[in-house]
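Here is how the chains run, residue by residue.
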Amino acid sequence: MTREKFSTRIGILLALAGSAIGLGNLWKFPYEVGSNGGGTFILFYILIMIFLCIPVMIAEIVVGRYTHKNIIHSFIEISGKRSWGFIGVIGFSAAFTIMAFYSVVGGWTIEYLWNSIIGTFNGFDVPQLEQYFNEFHKNAERPVIMTFFFMAISTLIVMLGIVKGIERMSKIFMPLLLFFIIILACESLFSSGDNDGLEFLFTFNPDYFNSKTLLEALGQAFFSLSLGMGVLVTYGSYMKKRENIVKMAFSVAALDLFFALMAAIAIIPTLFSFGISPEEGKGMAFIVFPSVLQKIGGSQFLMIIFFSVFLLAAITSSISILEVVVSFITDKFAINRKKATVIIVLIAFMLSIVCSLSFGKFSNLTLFGENIFGIFDYIASNILLPLGGICTSLFVGWRFNKEVVKQELSNDNSIKLYGFKLLLFALRYIAPIGITIILLQSIGLF
Ligand code: TRP
């Protein structure tokens, strides 16, 4: 059976951007920036993106597009050894861990969309929004039901396949998303009045110049670019041979960074103008975004559109995580896409329930001060994804025949390839060593 391929170039770009841009940008980035010293974090983030992430992105896509196989079989095929499949296994574990907590937040966005539609938030001020969020996400049933809906939508899209499901959704929703985030950022810039927030975002604060900030930035960059668990290997495997991989990687990274900055600009200055601490954390987007929207004139319509878009951003990302597992299961076992998707989502849903309850019923189950949700996030973003990144860069840097990599990146010499030596150097040394140091330092071993 021939493997399905993305049908258009813009479709691939938007699907990749759709995977990258999501809750990581709209919800996680602003609070990471807020709790890690603003400008310092952003500086680290950009440096890490250029020197560590883009090379790993390119490496992942090359593996996928060269073999047109899933995350486990692609590594096995290139190396000729079964043992290299372990890189895929890391990706697999990360996929389930991320799906579990990501879907919970996805569920929150559905709750907010629904309440915008029925007008619950009309006239709410920040303390009221804060109270609403706190009561809602600690509840035992409602968030779980919403998580279920979120997973059901992702399931339906993935069932439809690459072109009809993933590509089509991305083409419709990504442009909308871009349009709205720009409106929100502009609104925040023009209305928040004081510039403390902006100053916080764009000035370097030496107090945060440390390994914790560096690790958080690394984890966030990997998470935001959907790196280290084989999303790009998987999407790469659905790419036609004529696409320019290097250009694609740079475009996706640029779009993703742009989005993250826009989200931070939309949230942080407003936060400052209300006197809320930028370390507010996980509820930030759910408390501050609605209040920004209220200020635009309390337009309920805008709020509905905004939360739809928030939800869609989450969905285009969630489908990419799911697709990694579906792609492997359908290749490996003789079951069809629909069945495979349902089975995988059911397993992930069990984990999601635990994550959701960790804000309420299970909130006393903690490790290093983090609840189960936080632990899942930490393990995936700060351990599994960087580990996957190290292995992928070493694999492509050392194990993959470099002439073949060159052929693949230049589409058999039909496009000009710049900086190949630099890329190879980054994959062989800079990325693996850099990521390892940051990882070891964070667990106190270095
Ligand atoms: N990058 C997405 C976001 O920013 C989340 C995501 C999708 C992801 N696929 C992933 C994160 C794979 C890590 C690995 O919201």
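Just above, that's the structure.
The paragraphs below set out a description of the structure included in this document. Predicted model, so just to flag it, every value in this text is computed and none were measured.

What follows concerns the overall build of the protein. The helix and strand tally for the protein stands at 18 helices and zero strands. A compact globule built from 446 residues would reach a C-alpha radius of gyration of about 22 Å, and the protein, at 21 Å, matches this within 12%. Structurally, the protein occupies a C-alpha span of about 60 × 50 × 40 Å along its principal axes. The proportion of buried residues among the 446 residues of the protein is 61%. When the accessible surface of the protein is summed, it comes to about 17200 Å², and 67% of that surface belongs to carbon and sulfur atoms. If you average the places of the 31 positive and of the 27 negative side-chain charges in the protein, the two averages end up 16 Å apart.

Near the ligand, the surroundings consist of 17 residues, among which A20, G24, Y102, F223 and S226 are the closest. Backbone polar atom of A20 to an oxygen atom of the ligand: 2.8 Å apart, as the coordinates give it. Note that an oxygen atom of the ligand is positioned 2.7 Å from one of the backbone N or O atoms of G24. When grouped by side-chain class, the residues that make up the shell around the ligand number nine nonpolar, eight polar and no charged.

Right, let's talk about helix α7 (residues 142-160) for a bit. With 19 residues, α7 extends 28 Å between its outermost C-alpha atoms, agreeing within 8% with the 27 Å of an ideal straight helix rising 1.5 Å per residue. Turning to α7, its buried residues number three or more, namely P143, V144, M146, T147, F150, M151, S154, T155, I157, V158 and M159. In this structure, the buried side of α7 is in contact with α5 (86-117), α6 (126-138), α8 (162-191), α14 (300-332) and α15 (337-357). At the exit of α7 stands G161, carrying a positive phi of roughly 95°.

Topologically, E243 is positioned in the loop between α11 (231-236) and α12 (245-273). With relative accessibility at 1%, the residue E243 sits in the buried group. Distance in space between the C-alpha atoms of E243 and I50 is 21 Å, their sequence separation being 193 residues. The residues contacting E243, other than those within four sequence positions of it, are R9, I12, R65, M248 and N411.

This part takes up the packing of aromatic side chains. Tallied over the full model, the rule gives 37 aromatic pairs. With a centroid separation of 5.9 Å and 70° between ring planes, the pair formed by F121 and F124 is classed as edge-to-face. Lying over the aromatic face of F223, K28 brings its terminal NZ or CZ to 3.9 Å of the ring centre.

One non-glycine residue, H68, lies in the positive phi region at around 55°. One can find H68 in the loop between α3 (39-67) and α4 (71-79). The phi torsion at S226 lies on the positive side, around 55°, for a residue other than glycine. In this structure, S226 sits in the loop between α10 (211-224) and α11.

For the pair helix α2 (residues 23-35) and α14, interaxial distance at closest approach is 8 Å and the crossing angle is 105°. Between α2 and α14, the interaxial angle falls into the category roughly perpendicular. Each of L23, L26 and W27 in α2 lies in contact with α14, whose residues at this interface are F310, A313 and A314. For the contact of α2 with α14, the residue count by class is six nonpolar, no polar and no charged.

The next point concerns α10. Side chains three or four residues apart in an α-helix point the same way, a direct result of the helix having 3.6 residues per turn. Over its 14 residues, α10 extends 19 Å from the first C-alpha to the last, a length consistent with the 20 Å expected when each residue adds 1.5 Å. What α10 keeps buried is the set T213, L215, E216, A217, L218, G219, Q220, A221, F222, F223 and S224. The N-terminus of α10 is capped by N210, whose side-chain oxygen sits 3.2 Å from the backbone nitrogen of K212.

Thresholds applied
- Residues numbered from 1 in each chain as written.
- Predicted model: local features only at pLDDT ≥ 70, side-chain atom pairs only at ≥ 80, totals over all residues.
- Heavy atoms only, no water.
- Helix = DSSP H or I, 4+ residues; strand = E, 2+ residues; numbered from the N terminus.
- Rg over C-alpha atoms; globule rule 2.2 N^0.38 Å.
- Buried < 20%, exposed > 50% of the residue type's maximum accessible area, 1.4 Å probe, protein only.
- Areas by Shrake-Rupley, 256 points an atom, 1.4 Å probe, with all protein chains shown as cover.
- Lys, Arg positive; Asp, Glu negative; His and termini not counted.
- Charge placed at Lys NZ, Arg CZ, Asp CG, Glu CD.
- Near = heavy atom within 4 Å.
- Polar contact = N/O pair within 3.5 Å; in protein donor to acceptor, adjacent residues only side chain to side chain.
- Nonpolar A, V, L, I, M, F, W, Y, C, P; charged D, E, K, R; others polar.
- Expected span 1.5 Å × (residues − 1).
- Contact = heavy atoms within 4.5 Å.
- Phe/Tyr/Trp six-rings, centres within 6.5 Å; stacked < 30°, edge-to-face > 60°.
- Lys NZ or Arg CZ within 6 Å of the ring centre and 35° of its normal.
- Axes fitted to C-alpha atoms, helices over the stretch in contact; angles between N-to-C directions.
- Parallel < 35°, antiparallel > 145°, perpendicular 65-115°, else oblique.

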